[in-house]
Amino acid sequence: MLIAANWKMYKGPRETREFLDRFEPPDGVDVVICPPYTSLRVAVESGRAVYAQNVHWETEGAYTGEVSAAMLVELGVWGSIVGHSERRQYFGETDETTARRAEAALAAGLGVIACVGETEQEREAGDTEEVLRRQVGVLPEHDGLVIAYEPVWAIGTGKTATAGLCQESHAFIKTLVDTRVLYGGSVKPDNAAELLSQPDVDGALVGGASLDVDSLTAICRAAIRS
Ligand code: PGA
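Residues numbered from 1 in each chain as written. Predicted model: local features only at pLDDT ≥ 70, side-chain atom pairs only at ≥ 80, totals over all residues. Heavy atoms only, no water.

Undergrad: Mind showing me how you'd approach the pattern of salt bridges here?
TA: Here the structure, examined in full by the defined rule, presents 12 salt bridges. The residue Arg87 makes a salt bridge to Glu93 at a minimum N-O spacing of 3.9 Å. (Salt bridge = Lys/Arg side-chain N within 4 Å of Asp/Glu carboxyl O.)

Pasting the structure below:
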């Protein structure tokens, strides 16, 4: 089981250090911390597995505001999230740019958590499988690639996919690519066990509930029991 904590734009270096000083996950679960760029160094110093939240496809160049895979490697970062729905929604990320970011990161030796998932409108129109086929289809096949299935309507909304619906989408994704698939979208200590016990759910990408040490620890414990 893999539990990835996506801190989004929360926790600068001081709060990151305080959190990681207190955080003692149980044995038997892989935990990845994904803090903002400015907190990466402090997080790496804690000895934990650390992923960035995004990565550019070029090694260097005139790309204001971007960070390359080589730069993350130099810092001791293990990998990166790519294609998060907030990047797609607010920053013009597309399937194509997501794939380019994934390819560059994997080529540099980083792990990748690539996010896919349908919007509420797409689900209601019956387009979920078509959307997933398109989003997964552009990604490179690679041992270092993990998919995070995050239905957009369940992110930060408190609306969690039912365990059955989540299992259905995970099983479908596994017909497209042979890799681990994490679930993301309002995972909390009280729903983690049920979601994580589904046969094709290999872990979780946790946003809001990963910002609190006790809550993230409880989710890690649920992962072990599942
Ligand atoms: P959430 O976020 O757990 O706050 O819904 C998940 C994510 O965006 O990765």
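Undergrad: How should the site of the ligand be read in this particular structure?
TA: Neighbouring residues of the ligand: 13 residues in total, closest Lys8, His84, Glu150, Gly156 and Ser186. Measuring from an oxygen atom of the ligand, one finds a side-chain N or O atom of Glu150 at 2.8 Å. Between the ligand and Gly208 there is a distance of 2.8 Å, counted from an oxygen atom to a backbone nitrogen or oxygen. Compared with its free state, where it exposes 280 Å², the ligand has 97% of that area covered by protein. A class-by-class count of the residues in the shell around the ligand yields 4 nonpolar, 7 polar and 2 charged. (Near = heavy atom within 4 Å. Polar contact = N/O pair within 3.5 Å; in protein donor to acceptor, adjacent residues only side chain to side chain. Areas by Shrake-Rupley, 256 points an atom, 1.4 Å probe, with all protein chains shown as cover. Nonpolar A, V, L, I, M, F, W, Y, C, P; charged D, E, K, R; others polar.)

Undergrad: Looking at this structure, I do not really get the sheet that holds strand β8 (residues 203–206). What am I missing?
TA: Think of a sheet as strands paired side by side through backbone hydrogen bonds, with each pair either parallel or antiparallel. The parallel closed barrel is built from 8 strands, whose spatial order is β1-β2-β3-β4-β5-β6-β7-β8. The sheet shows a mean angle of 25° between the axes of neighbouring strands, direction not considered. (Pairing = 2+ DSSP bridges. Helix = DSSP H or I, 4+ residues; strand = E, 2+ residues; numbered from the N terminus. Axes fitted to C-alpha atoms, helices over the stretch in contact; angles between N-to-C directions.)

Undergrad: What am I meant to see in the packing of aromatic side chains here?
TA: The relation between two aromatic rings is expressed through the spacing of the ring centres and the mutual angle of the planes. Under the defined criterion, the tally for this structure stands at 4 aromatic pairs. Here Tyr149 and Tyr183 contribute two aromatic rings whose centre-to-centre distance is 6.3 Å and whose plane-to-plane angle is 55°, an arrangement assigned as tilted. Of this pair, Tyr149 sits in strand β6 (residues 145–149) while Tyr183 sits in strand β7 (residues 181–184), and the two are 34 residues apart along the sequence. A relative accessible area of 0% places Tyr149 in the buried class. Taken together, Trp7, Phe19 and Phe23 form an aromatic cluster joined through their ring pairs. Between Lys11 and the ring centre of Trp7, over which it is positioned, the NZ or CZ distance is 5.5 Å. (Phe/Tyr/Trp six-rings, centres within 6.5 Å; stacked < 30°, edge-to-face > 60°. Buried < 20%, exposed > 50% of the residue type's maximum accessible area, 1.4 Å probe, protein only. Lys NZ or Arg CZ within 6 Å of the ring centre and 35° of its normal.)

Undergrad: I would appreciate a short explanation of helix α8 (residues 163–176) in the present structure.
TA: Under the 1.5 Å per step criterion, the end-to-end length of α8 is 20 Å for 14 residues, consistent within 8% with the ideal 20 Å. Buried residues of α8: Ala163, Cys166, Gln167, Ser169, His170, Phe172 and Ile173, and no others. Buried positions along α8 lie against β5 (111–116), α6 (120–124), α7 (128–137), β6, β7 and α9 (189–196). (Expected span 1.5 Å × (residues − 1). Contact = heavy atoms within 4.5 Å.)

Undergrad: Mind showing me how you'd approach the environment of Arg180 here?
TA: Assignment of secondary structure puts Arg180 in the loop between α8 and β7. Sequence separation between Arg180 and Asp143 is 37 residues, and the spatial gap between their C-alpha atoms is 9.5 Å. The contact partners of Arg180, leaving out residues within four places of it in the chain, are Leu2, Asp30, Val146, Ile147 and Asp202.

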